[in-house]
Amino acid sequence: MPSHRSPLSRLLTVLLAGVLAGLVLAVVALPGNLVGGFAAKAALGAYAQLPDALRTPAQPQRSYLYANDGKTLITTFYDVNRTDVPLAEIAPVMRQAIVAAEDRRFYSHGGADLRGLVRALVANVTGGGTEQGGSTLTMQYVRNVLKTDPNSTPEERQAATEQTIGRKLQEIRYANALEKTLSKDEILNRYLNIAYFGSGAYGVAAASQRYFGKSPADLTLAEATLLAGLVQSPDAYSPIDGDKDQALARRTYVLDSMVETGAITAQQAAATEAEPLTLHPTAQPNGCTATAQGHDDWGYFCDYLRQWWLEQPAFGDTEQEREQALRRGGYTVITSLDPKIQQTAQQQATAVYGYDNKRALPIAAVEPGTGRVLAMAVNRHYSLADNPAGQANRPNTVNPLISGGPSVAGYQAGSTFKLFTMLAALEAGKPLATGFDAPAKLPTRYASDDEGNCGGKWCPANANPQWMNGYRMMWDGFGRSVNTYFVWLAEQVGEDKVVEMAQRLGITFRAGSDAAFAKNNAANWGSFTLGVSATTPLDLANAYATVAAEGTYCTPLPVISVTAANGEKVDVSQPSCRRVLDPDVARAATDAARCPVGQQSAYGQCNGGTATGVNGIVGRPVAGKTGSSEQNATETFVGFTPQVAVAGIAANPDDPTDPVGSAVQSKVVDAVSRVIRKAVDGKPVQDFTAPSPELAGDPQQPQPTPQWQQQQDQNPPSNLLRWLQNRNRG
C-alpha cells in the first residue's frame, strides 16, 4: 500500500529515526565511555548483570526414553519440541543460510547493527515497503531466551516482546554484553538451538527431524535454506501447516542472500531453486500414549517409569517440578525395558486372551539382584482411544493393569503366597523337613459361618484330596500346593509373621481392606497364606526375584542410566537393594520351589508338582509356583531362574467375581515359562545353590496310615526317602 504521508511528515520521521539511532549508539557505547581503559572489566561486569537466563540458558528441551539397548526409541516427553546440539553437528550450509537470511553483517557488528537498525527504522516509520525488524541474530537470541525462560513469570515473558523503545534498548545492551563475552560461534549455536521454525519445532535439531526426518548435520543446501527462511514468520511459512508457496519464496530469498554473502555461487543458487519441495514430515512422539508405531504395549512400561520419575527427589522438590523436569529438562533416559523380552511377553499375553477379551493376562519380568523391570505386557492397547459401549477397559486403557496404582489394587494370586509362609517358617528355624499329616479339611481357630465351615470354624480344604492329603513336608507341600499343610504351618509361626514377610519382599496392599487387615489384624489373617490379598504381577515377580537373589530385595527400577542435557549423569539409576533374608533361608525356599515345576530338589524330596511342564520349556534350573484363587477367579504362575523372575495373573480387571476358570492355568504356566526362556536365551546356565543340611532337616517318615500307604504306592518315594525307609527297616 503506498504511503500518504506528506514530505514534511516523512522528513520528521526520518529525523526521529536518526535521533533513535543516536540514542542506540550512546547506549551501546556507554560502558566504554564510562570506564575508558577498563573496557574489558566493564564487559565482564555487564555480562555479570545479565539475567540468569542469558548467562546460563535454561531453555526447555525434549527428553528421550530409549530401551535398554540405548538405541530403540520408546517415546519422548516435551512441552517445547527442542533438543540442543553443538555447532559441529549442524551442517555448515545451515549456519551460512541463517546468517544470510537474518543477519548478513553478523560477523562484523558488536551485537547491534546500527546501519541495519537505522534502515529498518526509516523503512518502518515512512511506510516504505515491507516492515523490517533491524534485529541482529544476537538481539533475536536475547528476545527468544527472555520470552521462553521457564523460570520467568508469564508477565515477564510477555514483556520481552513488547514493541517499546525501552524494551529495544534493553535488548541492545544485553546483546552488546553477550558479544563482548561469547564468541560469534557460541552465539550462533545458541540461536540455532532456540529459534522457532514452525510446526511445533524449536531449534534446528527439532526442525530437521520435523520437516526432513534427519539430523541437522545431514541437511542439504535446499533443506537448510528452506529452514532458514521460516524463522521470519514460522507459522505462516511452514510448508506443513502454512503456505508452501511462501516457504519456497523465502527459500529463494535466502539463496540470493547467500550469493551476496559469497557463501554459494549464483549457479548453485539457481540449481537449488529449481529443486522441488521435498519433505519427509516426522511427528515427534510425546508421552506414553505416543510410543513407537506398532508398540503401544510399551506404554504400560512408560507409564510406570513416569510414575517412578515423579517420586525421585533428584528431579525436583515437588511432583510438579519433577513433571516439568521430564518435559523440559532434555534428559536422555536409557530404560531397563528389553524389547525382545517385551515382544515375547506381549505375544504370550495375547495368545492366551485377545485384545477384545474381557479377561486379561498381565505379565511382568524383573531381574533379580537389581530390581530392573525388563518387560510389562498385557492384552490391551495403551491408548486413550474410545472403547465400544459397555467395554470400559478394552481394548484400550491407560490403567496400570500390570504394576498397580490408585485405580488398580491388583488381583488375588492364590497359592503363590504360600512362599511367604514357607519363608517365615524357615526363618523361625523350622526346616524344610517339617512334617504334618495334612487332612482333607483343617478346622482352625477362626470363626466362620460360610458354607463348608467345621462347627462354626473356618475350615480350608485341599483342592485335590487324593493327591494332596497325607504326610507332607515343605517340599511336597509346596510342590502339590497343599492348602491344609500351609494353613497349619502359618498357625505354627504366626500369621502376622507371614504378612510381615510378604511386605518385606515388596508386596503392597493397595486395596483399603487389605491394608487395614495387615495393619490392625494381621495375627488373625488365617487365609492370607492362600493368597486372598490383591497383588500385581510386578510386585509378585519382584518378591520371587528376591528369593532368586538369595534374599536380596531390590526396589523395582525402570532405568539403566539418566543423563541431563549438559551431559552429566543423574544419580538415580543405581539399584536400591538390601538384604531381607538370610541367604540359606532363600536357598531353602528355592529348593522347595523346584518341586512345582517338575524339577528335583537338592535333597531329592520332590514327588509331584502343579506345573511340571515348565521344566521342559525352560530347559535349565528353574523354580516357581502356581496359584488359583477361590472358585478359580484368577489363575497365576510365577517362575524364576537366578537371572529373571516372571509373573502372570489371569483375571478380569473389571469384575473380580468373573472366574477365569481352572482350564486357563496351563496356558498361563506356558506363557510365563516361554517368557522366562526368552529372557535367559543366550545367557550361561546358572544353577541354584543348595541349602544347608541344617535348614533342610532330617526328613524322617512316620508310620504310614492306610491312606498314606495308598498314596505312597501311587507316588513312589524319592531316592533319599527310599534310603531312609530302608535304613529304618534295617
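These figures come from a predicted structure and were not determined experimentally. Starting from 1, residues in each chain are numbered consecutively following that chain's sequence as written. With pLDDT at 70 or above as the cut-off, local features in this predicted model cover only qualifying residues; side-chain atom pairs require 80 or more to be listed or tallied, and sums for whole chains, interfaces and linings still use all residues. Excluded from the side-chain calculations are hydrogens and water; all other atoms, namely the structure's heavy atoms, are used.

A. Looking closely at the state of the cysteines. Count a disulfide wherever a pair of cysteine sulfur atoms falls within 2.5 Å. Enumeration over the complete set of coordinates arrives at four disulfides. Note on cysteine connectivity: Cys554 is disulfide-linked to Cys577, with sulfurs 2.1 Å apart. Of note, the bridge from Cys554 to Cys577 carries an S-S torsion of about 105 degrees and is right-handed in sense. On the criterion of sequence distance, the pair formed by Cys554 in strand β12 (residues 552-554) and Cys577 in strand β14 (residues 577-579) is long-range, its members being 23 residues apart. Taking relative accessible area as the criterion, Cys554 reaches 3% and is therefore assigned buried. Through a disulfide, Cys595 is tied to Cys606; the S-S separation comes to 2.0 Å. Between Cys595 and Cys606 the sulfur-sulfur dihedral comes to about -75 degrees; the bridge is accordingly left-handed. Separated by eleven residues along the polypeptide, Cys595 in the loop between α25 (583-593) and α26 (613-618) and Cys606 in the loop between α25 and α26 bring together distant segments of the chain. Secondary structure elements are taken from DSSP: a helix is a run of H or I of four residues or more, a strand is a run of E of two residues or more, and numbering for both begins at the N terminus. When accessible area is computed with a 1.4 Å probe and restricted to protein chains, residues below 20% of their type maximum are described as buried, those above 50% as exposed, and intermediate ones as partly exposed.

B. How the structure looks around the environment of Leu442. Relative to the elements of secondary structure, Leu442 occurs in the loop between β9 (436-438) and α19 (465-468). Distance from Leu442 to Asn462, taken between C-alpha atoms, is 8.9 Å for residues 20 residues apart in sequence.

C. Summary view of the pairing of strand β16 (residues 635-640). Within β16, six of the six residues are buried, which leaves the element mostly enclosed by the surrounding structure. Burial along β16 is two-sided: the face carrying Glu635, Phe637 and Gly639 and the face carrying Thr636, Val638 and Phe640 are both buried. Relative to β16, strand β15 (residues 623-628) runs antiparallel, the two sharing six bridges. Counterpart to Gly624 in the pairing with β16 is Gly639. If you look at the hairpin formed by β15 and β16, you'll find six residues sitting between the two strands, and Gln631 has a positive phi there, around 60 degrees. In terms of strand pairing, β16 meets strand β17 (residues 645-650) through six bridges, oriented antiparallel. In the strand pairing of β17, Phe637 is matched with Gly648. Two strands make a pair as long as DSSP finds a minimum of two bridges between them.

D. Fine view of helix α8 (residues 165-179). Expected helix span is given by 1.5 Å per residue-to-residue step, counting one fewer step than there are residues. If you check α8, its first and last C-alpha atoms are 21 Å apart, about what 15 residues at 1.5 Å a residue would give, namely 21 Å. In terms of burial, α8 is largely enclosed, as eleven of its 15 residues are buried. Arg167, Lys168, Leu169, Glu171, Ile172, Tyr174, Ala175, Asn176, Ala177, Leu178 and Glu179 are the residues of α8 that are buried.

E. The arrangement of unusual backbone geometry in detail. Along the chain, Arg394 connects to Pro395 via a cis peptide bond; the corresponding omega equals 0 degrees. For Pro395, the position within the fold is in the loop between β6 (381-382) and β7 (396-397). Within the chain, Ser199 stands out as a residue other than glycine whose phi angle is a positive 55 degrees. When you line up the elements, Ser199 lands in the loop between α9 (184-192) and α10 (204-212).

F. Structural view of the environment of Gln643. Tracing the backbone through its elements, the reader meets Gln643 in the loop between β16 and β17. Sequence spacing of Gln643 and Val622 is 21 residues, and the spatial spacing of their C-alpha atoms is 10.0 Å. Only 3.5 Å separates the side chain of Gln643 from the side chain of Arg620, close enough to count as a polar contact. As used in this structure description, the phrase polar contact means that two N or O atoms lie within 3.5 Å; if the pair is within protein, one of them must be able to donate a hydrogen and the other to accept it, and residues adjacent in sequence are counted only when both atoms belong to side chains. Of the polar contacts made by the side chain of Gln643, one reaches the backbone oxygen of Pro684; its length is 3.0 Å.

G. Highlighting the side chain of Gln61. Of note, Gln61 is situated in the loop between α3 (52-55) and β1 (63-66). Discounting chain neighbours no more than four positions away, the residues touching Gln61 are Val80, Arg82, Thr83, Asp84, Arg327, Arg328, Gly329, Gly330 and Ala565. Residues are treated as being in contact if the distance between any of their heavy atoms lies within 4.5 Å.

H. Fine view of the packing of α10 against helix α11 (residues 221-230). The geometry of α10 relative to α11 is characterised by a closest axis approach of 11 Å and an angle of 115 degrees between their N-to-C directions. The angle between α10 and α11 places the two elements in the roughly perpendicular class. Judged by the sense of rotation from one axis to the other, the crossing of α10 with α11 is right-handed. For the pair α10 and α11, the contacting residues are Ala207, Ser208, Tyr211 and Phe212 in the first and Glu223, Leu226, Leu227 and Leu230 in the second. Here the residues of the contact of α10 with α11 are counted per class, giving six nonpolar, one polar and one charged. Axes here mean lines fitted to C-alpha atoms, for a helix over just the part in contact, with angles spanning 0 to 180 degrees between N-to-C directions. Geometric relationships in this document are graded by angle, where less than 35 degrees denotes roughly parallel, more than 145 denotes roughly antiparallel, 65 to 115 denotes roughly perpendicular, and other angles denote oblique. Take the far helix as the reference: if the near one is turned anticlockwise from it by less than a right angle, the crossing is left-handed, and if turned clockwise, right-handed. Asp, Glu, Lys and Arg are counted as charged, while Ala, Val, Leu, Ile, Met, Phe, Trp, Tyr, Cys and Pro are counted as nonpolar; the rest, among them Gly, fall into the polar class.

I. Structural view of the sheet that holds β1. What the four strands build is an open sheet, ordered β2-β1-β3-β13; its pairing is mixed. Two strands in the sheet have a free side with no partner beyond their single neighbour: β2 (73-77) and β13 (559-563). Neighbour-to-neighbour, the strand axes of this sheet turn through a mean angle of 15 degrees, independent of strand direction. Two elements, β1 and β2, share four bridges in a ladder whose sense is antiparallel. Looking at the pairing, Leu65 lines up with Thr75 of β2.

J. Region of interest: helix α24 (residues 537-548). Under the 1.5 Å per step criterion, the end-to-end length of α24 is 16 Å for twelve residues, consistent within 8% with the ideal 16 Å. Most of α24 is tucked away, with twelve of its twelve residues classed as buried. Looking only at α24, the buried set comprises Pro537, Leu538, Asp539, Leu540, Ala541, Asn542, Ala543, Tyr544, Ala545, Thr546, Val547 and Ala548.

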